[in-house]
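Each chain, written out:
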Amino acid sequence: MKDHGINTAFLLLATKTYKLVIKPLAMIKVENLSKTFKVHQKAAGLKESIKSLFFRKWIEKKALDNVSFQIRPGELVGLIGANGAGKTTLVKILSGIIHSSGGQVSVLGFNPWDRKNEFRKQISLIMGQKAQLWWDLPAEDCFLLLKEIYEIPNDQYKATLKELVDALDVAHVMNIQIRRLSLGERMKMELIAALLHQPKVVFLDEPTIGLDITAQKSIRKFILEYRKRHKPIMILTSHYMEDIKKLCERILIIKNGELKYDGDLNKILDQYREDKIITVHLDPDKPTTDFEMEKSELVAKENATLKYKVAKGNEGAALTEIFRKLDVVDVKIEEDDIANIIEKLIKREPTGRGL
Amino acid sequence: MWIREAFKLEAKKIISYRVDFWMQFVVTALAEMIMAYYLWKNVFSPNSNETIGGYDFRKMIMYYLFVPFITRIVQSQNDWSTSREIYDGSLTRYLIYPISFTGYKFLQKSTFSLLSCVQMLLALAAIQIFVPLHLDLVHVFWGMIAALLGFVVYFYMNCMMELFAFWVDTVWSLGVMLRFIALFFGGAMVPLSLFPEKFQTVLKFTPFPYLFSQPIRIILGDVSYPDMLQSFGVCLVWLVPLMLLLNLQLTKGLKQYTGVGL
């Protein structure tokens, strides 16, 4: 009886702590968010085109359905989902570009689509697929304009610009028109433009799309360093799993507009990491013909290198069998690729609130 | 102030394309002048003091000299950039940055109009070297003010056409329609005094005569100060509903906006 009383008191205390301390800390609160788009539908052909002039057929497309989550200060959250899953719609709603069809959204205490200047001065959006800077102007001119738009004090502007320009190594292209820059340089300029006013919330929509590996790496490194120094909330959408793996601790998986998973990236990776790959290098001087194993499945063979897939937990038995049957020179065990796991996650509809 | 910085940048952009800025104007103005000259030369009887709609041949040519100048100031850049930015999603930047979309567009176009005023003064000074124009500088000043007021009115009308891009897939025809109506009823094609008197009276209640005809007539010294002030008043009265409608249209349009291209 006494124990029961202690448990109730503990539960009450925990609930109160959550309501009074943890919940208010959330700087982004999304409750039961929905978004429906009305899309005009028209069949192919001239006859249908003429018909659609008078009778338009509209269909409703649900882009987001009952999505709820919270984000606390300093978090870097990855939004994952297939094309058309609703990730970008979510980012657009959170940044105030489009209205929601239902539910509640609060970002830094503001309703995003009121588009108050105090709100807009504290957020920024970087779109890998869409330039925000003025194409006809050199970056330096764009930044000067943004300095005035965001009313950044002179000293702060100079210090922030120097910090960002040095970190991204773009001092030599500051006076070149945006349209004449390479994709990687343009993206770096977009990053500077978005961070000049030191926003509290940064939305990164595919920031590395189309970039080469070196540029991707340098952008990732920059984001990590910037986050360490300034600690803004960052919400990242990306199809590159390297981005997610390197940058995010928490992920939100969206499928067909529904939030399927909200939680720790590593936790879900462990949960869904079912297979491991064992790469075996054989002795080329001792030819073997029988590569089939009972405990693992041969998935690739190239010269004297073999790749076996083995279920999680069976690694020991599989290795024993491999060493017994083959003349092994070297062996390597790898985890299933993160991209494959995420693909599985999206397909299999995991559910959970791993927070 | 971001307005000052944006103005500087827009001016820099226009000046950096100065060959285009002048060529576009000179070619259009020359073509229009040559056409008007030969057209009216055939209409007016040779060696007579005949007047048509209150204009003799010299005055008619002077009227047409100012048409390209005033058209350029009032219509500014016809680059369809407002609707294009809605279609391609560039509008997003104005929703993210703490600035107004139509405010920025107004600033962009007014920079072009102000530079066109400078262009007009330079061109007039150049013409004056070869042909005495006998212009009163005070009239030219008020004519430019009238043209700039006409620019504000035309900006709102044109912007309203372009904002239909929120709802329809192409607004080009709407823009062309407005342009033609404004030029025709605004006196940029033929002086309004050639229209029947009753029609001229009706037109006075619309914003169109104050776009082109009135600024040109003010420059030519054909408008008394009370009439000029009255035309400024009519423009300001028209601006009130135009501003309200544009705001309403923008608010409704932004609810439709899907941020395509993002």
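Residues numbered from 1 in each chain as written. Chains lettered and ligands numbered in written order. Predicted model: local features only at pLDDT ≥ 70, side-chain atom pairs only at ≥ 80, totals over all residues. Heavy atoms only, no water.

Our next topic: the overall build of chain A. Counting its secondary structure elements, chain A contains 12 helices and 13 strands. With the principal axes as the frame, chain A shows a C-alpha extent of 70 × 70 × 65 Å. Counting all 355 residues of chain A, 48% fall into the buried class. Within chain A, counting contacts between residues at least 6 apart in sequence, those at least 24 apart form 72% of the total. When the accessible area of chain A is evaluated, it comes to approximately 18,400 Å², of which 52% is carbon and sulfur surface. Treating the 58 positive side-chain charges of chain A as one cloud and the 49 negative ones as another, the clouds have centres 7 Å apart. (Helix = DSSP H or I, 4+ residues; strand = E, 2+ residues; numbered from the N terminus. Buried < 20%, exposed > 50% of the residue type's maximum accessible area, 1.4 Å probe, protein only. Contact = heavy atoms within 4.5 Å. Areas by Shrake-Rupley, 256 points an atom, 1.4 Å probe, with all protein chains shown as cover. Lys, Arg positive; Asp, Glu negative; His and termini not counted. Charge placed at Lys NZ, Arg CZ, Asp CG, Glu CD.)

Another aspect to go through is the overall build of chain B. Along chain B, the regular secondary structure elements total 11 helices and zero strands. Each helix (α) and strand (β) of chain B, taken in turn from the N terminus, gives the series α-α-α-α-α-α-α-α-α-α-α. Its C-alpha atoms give chain B a radius of gyration of 20 Å, near enough to 18 Å, the size a compact globule of 262 residues would have. If one aligns the C-alpha atoms of chain B with their principal axes, the spans along those axes are about 65 × 45 × 35 Å. Counting across all 262 residues of chain B, residues that qualify as buried make up 50%. Residue pairs at least 24 apart in sequence account for 77% of intrachain contacts in chain B once pairs closer than 6 positions are excluded. Surface accessibility of chain B: about 12,800 Å² in total, with carbon and sulfur atoms responsible for 70%. Charge separation in chain B, taken as the distance between the mean sites of 19 positive and 15 negative side-chain charges, equals 5 Å. (Rg over C-alpha atoms; globule rule 2.2 N^0.38 Å.)

Turning to the interface of chain B and chain A, a few remarks are in order. In many reports, interface size means the accessible area that the parts give up when they come together. Taken residue by residue, the interface counts 28 residues in chain B and 32 residues in chain A. Summing the contributions of chain B and of chain A, the shared interface buries around 2,900 Å²; its carbon and sulfur component is 61%. On the surface where chain B and chain A come into contact, there are one salt bridge. Notably, a salt bridge pairs lysine 12 of chain B with aspartate 141 of chain A, separated by 2.8 Å at the nearest N-O pair. Along the contact surface separating chain B from chain A lie seven residue pairs in polar contact (both at pLDDT 80 or more). If you list the elements that add at least two residues to the side of chain B that touches chain A, you get helix H1 (2-16), helix H5 (92-96) and helix H11 (225-256) of chain B. Tallying contributions element by element places H1 of chain B first for the side of chain B that touches chain A, with six residues. (Buried area = accessible area lost by both parts, 1.4 Å probe. Salt bridge = Lys/Arg side-chain N within 4 Å of Asp/Glu carboxyl O. Polar contact = N/O pair within 3.5 Å; in protein donor to acceptor, adjacent residues only side chain to side chain.)

As a further point, take helix H6 (residues 154-168) of chain A. Residue and element names in this part refer to chain A. Here H6 contains 15 residues, and its C-alpha end-to-end distance of 21 Å stays within 8% of the 21 Å for a straight helix at 1.5 Å per residue. Along H6, the residues classified as buried are Tyr157, Thr160, Leu161, Leu164, Val165 and Leu168. The arc enclosing the buried residues of H6, seen along the axis, measures out at 125 degrees, which places them on a common side. H6 presents Asp155, Lys158 and Lys162 as exposed residues on the side facing more than 90 degrees away from its buried surface. (Expected span 1.5 Å × (residues − 1). Arc of directions from axis to C-beta.)

Residue and element names in this part refer to chain A. Of all eight residues making up helix H3 (residues 87-94), eight are buried, and the element is well covered by its neighbours. Among the residues of H3, Lys87, Thr88, Thr89, Leu90, Val91, Lys92, Ile93 and Leu94 are the ones counted as buried. Glycine 96 occupies a position one or two residues after H3 and carries a positive phi of about 85 degrees.

It is worth spelling out the pattern of salt bridges at this point. All names here are of chain A. Under the defined criterion, the tally for this structure stands at 23 salt bridges over all chains. Where arginine 250 meets glutamate 75, a salt bridge forms, and the shortest distance between an N and an O atom there is 2.9 Å. Remark: glutamate 75 occurs in the loop between strand E2 (57-71) and strand E3 (76-80) and arginine 250 occurs in strand E8 (residues 250-255); sequence separation between them is 175 residues. Both residues of the pair, arginine 250 and glutamate 75, count as buried. Residues arginine 220 and aspartate 243 are paired through a salt bridge, measuring 2.5 Å at the closest nitrogen-oxygen approach. In this pair, arginine 220 is assigned in helix H8 (residues 213-230) and aspartate 243 in helix H9 (residues 241-247), connecting sequence segments 23 residues apart. Comparing arginine 220 with aspartate 243, the two get one shared label, buried.

All names here are of chain A. Domain annotation of chain A identifies domain 1 (28-122 + 199-269 + 340-355), domain 2 (132-196) and domain 3 (275-335). Its C-alpha centre places domain 1 at a distance of 25 Å from the equivalent point of domain 2. If you look at the interface, domain 1 gives 15 residues, while domain 2 gives 14 residues. Between domain 1 and domain 2 lies a buried interface of about 1,200 Å² when both sides are counted; carbon and sulfur atoms form 73% of it. (Domains from an automatic or database assignment.)

This part is about unusual backbone geometry. Even without being a glycine, arginine 115 of chain A presents a positive backbone phi close to 50 degrees. Within the secondary structure, arginine 115 of chain A is located in the loop between strand E4 (102-107) and helix H4 (117-120). According to the relative accessible area criterion, arginine 115 of chain A is buried, its value standing at 14%. Its identity is not glycine, yet tryptophan 80 of chain B carries a phi of approximately 55 degrees, on the positive side. Of note, tryptophan 80 of chain B is situated in the loop between helix H3 (57-75) and helix H4 (81-87).

Before going further, it helps to spend a moment on the packing of helix H7 (residues 137-163) of chain B against H11 of chain B. Residue and element names in this part refer to chain B. Running from amino to carboxyl end, H7 crosses H11 at an angle of 20 degrees, the nearest separation of the two axes being 9 Å. With respect to their mutual orientation, H7 and H11 come out roughly parallel. Here the hand of the crossing between H7 and H11 comes out left-handed. Per-class residue counts for the contact of H7 with H11 are 23 nonpolar, two polar and no charged. (Axes fitted to C-alpha atoms, helices over the stretch in contact; angles between N-to-C directions. Parallel < 35°, antiparallel > 145°, perpendicular 65-115°, else oblique. Left-handed = near helix turned anticlockwise from the far one by under 90°. Nonpolar A, V, L, I, M, F, W, Y, C, P; charged D, E, K, R; others polar.)

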